[in-house]
Each structure stands twice: as C-alpha cells, then as structure tokens.
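Each chain, letter by letter, is given below.
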Amino acid sequence: NTGQHEKSVDLFSRHIASHPHDAQAHLDMAAPLFALGEMERAEQAAKSATELNASNPEAWSTLATIQSARGQIGTPLKSILQATRIEPQNIKYRLRLASLLLDQGHLDHAIKTYDIVLKQDRSNIEAIAGKASVLERQGHMREAHDLMEPIISSAPRPN
C-alpha cells in the first residue's frame, strides 16, 4: 500500500503547490505521510492545516496523534485540548484527551475526562476500560474490577 500513499502525497503536494491556503488538503496529506513514516512532514502538514483553519477540530486531533507518535509530551495535550474546546461534546476527542492524560501520568485528570464521557454515554466501553486502567495504576484494584465486571460477565464465551 506504500505506492498508494506515495501517490496520494504526490497528488496533495501538487494541489497544495497551486492552492497553498487549502487547509483541508494539508490535513488530508498528513495521513499518507504518517502511514509512510514521514512523521516530521506529517506533523508539518497537520500544523499547516491548524494554522490555515484553527477552527477545525479534526486538524487539531490529527496533529495531537502525530505529536504523540513522535514522542512529544506537552504539545499533544495542547493540540487535543483545542479540538475539545471547539467540539466539547465530541466523545472521540474526549477519549483521545483522556488516553493522552493516562499515557503521560496525569491520572486524576484522566479519570475526570473519562467521567465526562461516561456522563454522556454510560456504556462507552473505551471510557470504562480507560477509567479501569487509571484506577488500576492508582492501586484501586477492586474499583477497577467492579467497573469492568459487567462488561466481562456479558462478553460472549468462546465455544
């Protein structure tokens, strides 16, 4: 699939050359660059998209994902926070924020963020599992188990 990604990058590059202010084209180019492992160029493409259209939450979320994959610490949080400010009810962005908070050891903030998601959607498995992971890391094994128990007990059993 590398050939397809290279073809996409080439097409977007040509389009951007003649339409440098097309924020969506910059954003669309970030994904194939990311897939090709060209992380610095992918980050620059996503950053350009946010600079050209700061109100696009998907651009901020993409930038956060790339920054996180590059091992950055503070910047992915700032980027995903921008996405959640633009679309505060978007569960996908909230879950991404909570996951980054968990990864970076901000456990209390991660729990609060998972709780916000669970207020919106009580049965969100990703939020339940994430919150259980935080509780486990905090040493609250019983609470983590109790949170996961309804999911575990309702899972289909292998034959």
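Refer to the preceding data block for the structure.
The structure contained in this document is the topic of the report that follows. All values reported here derive from a predicted model rather than from experimental measurement.

Reading the values: the criteria
Residues numbered from 1 in each chain as written. Predicted model: local features only at pLDDT ≥ 70, side-chain atom pairs only at ≥ 80, totals over all residues. Heavy atoms only, no water. Helix = DSSP H or I, 4+ residues; strand = E, 2+ residues; numbered from the N terminus. Contact = heavy atoms within 4.5 Å. Areas by Shrake-Rupley, 256 points an atom, 1.4 Å probe, with all protein chains shown as cover. Lys, Arg positive; Asp, Glu negative; His and termini not counted. Charge placed at Lys NZ, Arg CZ, Asp CG, Glu CD. Axes fitted to C-alpha atoms, helices over the stretch in contact; angles between N-to-C directions. Parallel < 35°, antiparallel > 145°, perpendicular 65-115°, else oblique. Left-handed = near helix turned anticlockwise from the far one by under 90°. Nonpolar A, V, L, I, M, F, W, Y, C, P; charged D, E, K, R; others polar. Core = buried A, V, L, I, M, F, W, Y, C linked by side-chain atoms within 4.5 Å. Buried < 20%, exposed > 50% of the residue type's maximum accessible area, 1.4 Å probe, protein only.

Digging into the overall build of the chain
- Scanning the chain from N- to C-terminus turns up 9 helices and 0 strands.
- Order of helices (α) and strands (β) in the chain, N terminus to C terminus: α-α-α-α-α-α-α-α-α.
- Once the C-alpha set of the chain is aligned to its principal axes, its extents read approximately 60 × 40 × 25 Å.
- Once local pairs closer than 6 in sequence are excluded, the contacts in the chain between residues at least 24 apart make up 42%.
- Of the roughly 9100 Å² that the chain leaves accessible, carbon and sulfur atoms contribute 53%.
- Looking at the chain, you have 17 positive and 19 negative side-chain charges, and the mean spots of the two groups are 3 Å apart.

Re the packing of helix H6 (residues 91-103) against helix H7 (residues 107-120)
- At their nearest, the axes of H6 and H7 sit 8 Å apart, and the two run at 160 degrees to each other. It follows from the interaxial angle that H6 and H7 lie roughly antiparallel. Relative to H7, H6 is oriented so that their crossing is left-handed. Counted together, Ile91, Arg94, Leu95, Leu97, Ala98, Ser99, Leu101 and Leu102 of H6 and Leu107, His109, Ala110, Thr113, Tyr114, Ile116, Val117 and Gln120 of H7 form the full contact between these two elements.
- For the contact of H6 with H7, a count of residues per class yields 11 nonpolar, 4 polar and 1 charged.

Section: the nonpolar core
- Counting 35 residues, the largest nonpolar core has Ile80, Tyr114 and Val134 as its most contacted members.
- Those elements that provide at least two residues to this core are helix H1 (2-18), helix H2 (23-35), helix H3 (39-52), helix H4 (57-69), helix H5 (74-86), H6, H7 and helix H8 (125-137).
- Of the residues forming this core, the biggest block, 7 residues, is contributed by H6.
- Not counting chain neighbours up to four residues away, the residues in contact with isoleucine 80 comprise Trp60, Ser61, Ala64, Tyr93, Arg96, Leu97 and Leu100.

The values reported here are purely geometric and, on their own, carry no functional implication.
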